[in-house]
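Chain by chain, the residues run as shown.
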Amino acid sequence: MIVATAGHVDHGKTSLVRALTGIDTDRLPEEKQRNLTIDLGFAYVPLESGEVLGFVDVPGHERFIRNMLCGVAAIDYALLVVAADDGVMPQTEEHLAILDLLGVDAGAVAITKTDRVDPGRVDDVAEEVELYLDETRLAGAPCFPVSSVEGSGVDALKAHLEAVAGEIRRRPAEGHFRLAVDRAFTVVGAGLVVTGTAFSGSVSVDDRLLLSPARIPLRVRGIHAQDRKAESGRAGERLALNIVGPSLGKDDVARGDWVVADAAHLPARRIDATIRILADETRPVAHWTPVHVHLAAADVTGRLALLEARSLAPGGSGLAQLVLDRPIGAMHGDRFVLRDQSATRTIGGGTVADVLPPRRGRARPARLAYLKAVREPDAADALRAAVETAADAVDLVKFARARNLTGTAREDVFAAADMVRLGDGERDAAFSEPRWAELKTSVAAALARWHEGNEDAVGPTEANLRSAMEPRIAADLLRLAIPELERDGVLVREGARVRLPEHRPRMTSADEALWQRLEALLEDGGVRPPLVGEIAEETGFDSRRIATFLGRAAKLGLVVGATKNRYYLPASLRGLADRLEETAAESADGTVSAAAFRDKAGIGRNLSIEVLEYFDKVRFTRRMGNERRILRPAEEVFGGGTGPEA
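Residues numbered from 1 in each chain as written. Predicted model: local features only at pLDDT ≥ 70, side-chain atom pairs only at ≥ 80, totals over all residues. Heavy atoms only, no water.

1. Looking at the nonpolar core
Proteins that are soluble and globular tend to have nonpolar side chains buried together.
Right, on to step 1. In this structure, Val72, Ile75, Leu80, Leu99, Ile111, Val129 and Leu133 are the most contacted members of the largest nonpolar core, which totals 36 residues.
Right, on to step 2. Contributions of two or more residues to this core are made by strand 1 (2–6), strand 2 (41–46), strand 3 (52–57), helix 3 (65–71), strand 4 (77–83), helix 4 (90–101), strand 5 (107–112) and helix 5 (119–133).
Right, on to step 3. A total of 5 residues in this core trace back to one element, the largest contributor, which is helix 4.
Right, on to step 4. Non-local contacts of Leu99, meaning those with residues more than four positions away in its chain, are made with Ala6, Val72, Ile75, Ala78, Val104 and Leu138.
Right, on to step 5. Ile275, Leu324, Ile328 and Met331 belong to the second largest nonpolar core, which has 33 residues in total. (Core = buried A, V, L, I, M, F, W, Y, C linked by side-chain atoms within 4.5 Å. Buried < 20%, exposed > 50% of the residue type's maximum accessible area, 1.4 Å probe, protein only. Helix = DSSP H or I, 4+ residues; strand = E, 2+ residues; numbered from the N terminus. Contact = heavy atoms within 4.5 Å.)

Here is the structure:
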């Protein structure tokens, strides 16, 4: 269990931790000299159960509130410290508000310096604290009068903390590993060490992780969990990780960074969230207000973009987007605190809803409905609500990443939601049953309209189909939907085109006779089919007639025009696509050069370039410099490679 102190400066937090643990958490020379806690201090007490009770001692002075905020992130238990001679002071109130904004709902109160006052004063302060707690998550927290000088009350408080530590449930080590870095230093003989609280997942020696947001690869060489050497660590523990990396140095690491698994690397500059403004603010908070955002150990400036109104009154709550001046690590459910532009006053806080917002339309009704759905704490409930309210589909990949869902947990959540799931695991989307039924009707109607005006053609391409739909859906969603629409019997794929199952285009008898001659020539050409001019010369027909006929044949799905002057049989083009996939599979990084494709396909350089440019055009591949990367399986783009019967 991790316990953090909170309270006004000089109310005895450090002395109390020393009385409870025997450890002086003031480690800096300036702290010793000034008798003032400036930065975070740590102490650990082994318990008879084998568990370790960890203390985070935070500074109480208002100038070091950013350090206090860093210390109370992801704690299990709060120890609010109030001096009996002073009572509740300004920083007591602010620290209490911060704990409430961060969702801390377990804690106790220590009334310190009882040796300086009479018993009646202690009772008065206890009543005063109780009144302040009544409006927070810590309402009803037990109160312990103590004197760190005389030792009175310390044993009772310590016994209480040990009892709570035995009862508190350990956080499940779910999700990809995330550790919020609050310190970085070097140790002679070991090298670079970072410390912080593990927010999720687990880590083991030799794991390969990333320093985020810089995305610097690293390896974990050693671990201390709760101040003990260990082979692994997990969510809810304070960890010290000895890390190494070929391009990693102490200057690369700063408080506010994260050490994360690759899948948890999601640096965000725009974060959608639910926020709450403190009730004691004197005026409403306006849209685009400059703020300091404190999330985990990070402190970053930015703007508060309100999504439902132009201002938010004291005590009010609503949806907002944090527009930050630099990226930070965040995930759904992370809590944060907002301070004013000068960082002198806490004005509110909130909970992260989504770290992958769209580039545009942050306040559109559909987007607001999605954010209201996904703020549900249970992932399955959130997904079910998001699918039910979505105008189109929910991006399951983004949903899972934003909530840090891993393999089995992800599939369990997906299985619990009532939805029609599309995709292959890498590109997943989900429709509600009613919306899927509407989509099927829309696609069938669009195909029927297209066939009425193009009776002699096999059907539209995906792009043509999308243009004919009312209303349109995103191109990537239609690509995901087509295989499922085919399984549902709504349409049939013919190479790169689609048609209604009952639609059968037919050639005229003259075209059928010409096609038999041209088909034989194209089959003989295989992956190097003759040009239009070469076909005309071979058959004795005019080039213009051949080009016009092949254009009609392309509409029927009999051929595919890779360029103006070269047409492929679908099976031949599919064969080239298969060879490109084979080349990519043999490549170390999955990319394919024109030369490698040329060698695998057995065709010349110029023809290879023509084919690759066509593959780019139909979004089978994407050019990246001198390389290509496959975007979709050949089966999805080109089908089985056979055209309809003539």
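2. A word on the sheet that holds strand 24 (residues 394–395)
Right, on to step 1. Ordered in space as 24-26-25, the 3 strands form an open sheet in which the pairing is antiparallel. At either margin of the open sheet sits one strand with a lone partner, and together these are strand 24 and strand 25 (420–423).
Right, on to step 2. Note that strand 24 and strand 26 (residues 428–431) share 2 bridges and pair antiparallel. By the bridge assignment for strand 26, Asp395 is matched with Ala429.
Right, on to step 3. Together, strand 25 and strand 26 form the strand contacts of helix 11 (residues 433–453), whose direction differs from that of strand 26 by roughly 95°. (Pairing = 2+ DSSP bridges. Axes fitted to C-alpha atoms, helices over the stretch in contact; angles between N-to-C directions.)

3. Section: the confidence of the model for the protein chain
Right, on to step 1. Taken over all residues, the pLDDT of the protein chain has a mean of 89, while the share at 70 or more is 95%.
Right, on to step 2. Note that residues 27–38 has pLDDT below 50 and, in this model, 26 contacts with residues that lie over four places away or in other chains.
Right, on to step 3. Contacts of residues 641–646 to residues separated by more than four positions or lying in other chains number 17 contacts, the stretch itself having pLDDT below 50. (pLDDT = per-residue confidence, 0-100.)

4. A look at the sheet that holds strand 4
Right, on to step 1. Overall, mixed pairing links the 6 strands, which are arranged 2-3-1-4-5-6 in an open sheet. Each having just a single partner strand, strand 2 and strand 6 (143–145) make up the two edges of the open sheet. Across the sheet, the mean angle separating the axes of adjacent strands is 25° when strand polarity is ignored.
Right, on to step 2. Sheet analysis places strand 1 next to strand 4, joined by 4 bridges and oriented parallel. Looking across to strand 4, one finds that Val3 is bridged to Tyr77.
Right, on to step 3. The sheet contacts of helix 4 involve strand 1 and strand 4, and relative to strand 4 the element is tilted by about 170°.
Right, on to step 4. Sheet contacts for helix 5: strand 4, strand 5 and strand 6; angle to strand 5, the most-contacted strand, approximately 150°.

5. Some words on the pairing of strand 25
Right, on to step 1. Taking every second residue as pointing to the same face, the buried face of strand 25 carries Val420 and Leu422, while none of Arg421 and Gly423 on the other face is buried.
Right, on to step 2. By the bridge criterion, 4 bridges tie strand 25 to strand 26 in an arrangement that is antiparallel. In the sheet register, Gly423 faces strand 26, and the bridge partner there is Asp428.

6. Topic: the packing of aromatic side chains
Right, on to step 1. Going through the model one piece at a time under the given rule, you end up with 7 aromatic pairs.
Right, on to step 2. Ring plane angle 50° and centroid distance 6.5 Å describe the contact between Tyr614 and Phe615, whose orientation is recorded as tilted.
Right, on to step 3. For Tyr614, a relative accessible area of 7% translates into the label buried.
Right, on to step 4. One aromatic cluster is present, built from ring pairs that chain together Phe597, Tyr614, Phe615, Phe620 and Phe638.
Right, on to step 5. Over the ring of Trp258 we find Arg178, and its NZ or CZ is 4.2 Å from the ring centre. (Phe/Tyr/Trp six-rings, centres within 6.5 Å; stacked < 30°, edge-to-face > 60°. Lys NZ or Arg CZ within 6 Å of the ring centre and 35° of its normal.)

7. Points about the side chain of Asn242
Right, on to step 1. Secondary-structure assignment places Asn242 in strand 14 (residues 238–244).
Right, on to step 2. Of the polar contacts made by the side chain of Asn242, one reaches the backbone oxygen of Leu192; its length is 2.9 Å.
Right, on to step 3. Setting aside residues up to four positions removed in sequence, Asn242 forms contacts with Ala190, Gly191, Leu192, Val193, Arg219, Val220, Arg221 and Gly222. (Polar contact = N/O pair within 3.5 Å; in protein donor to acceptor, adjacent residues only side chain to side chain.)

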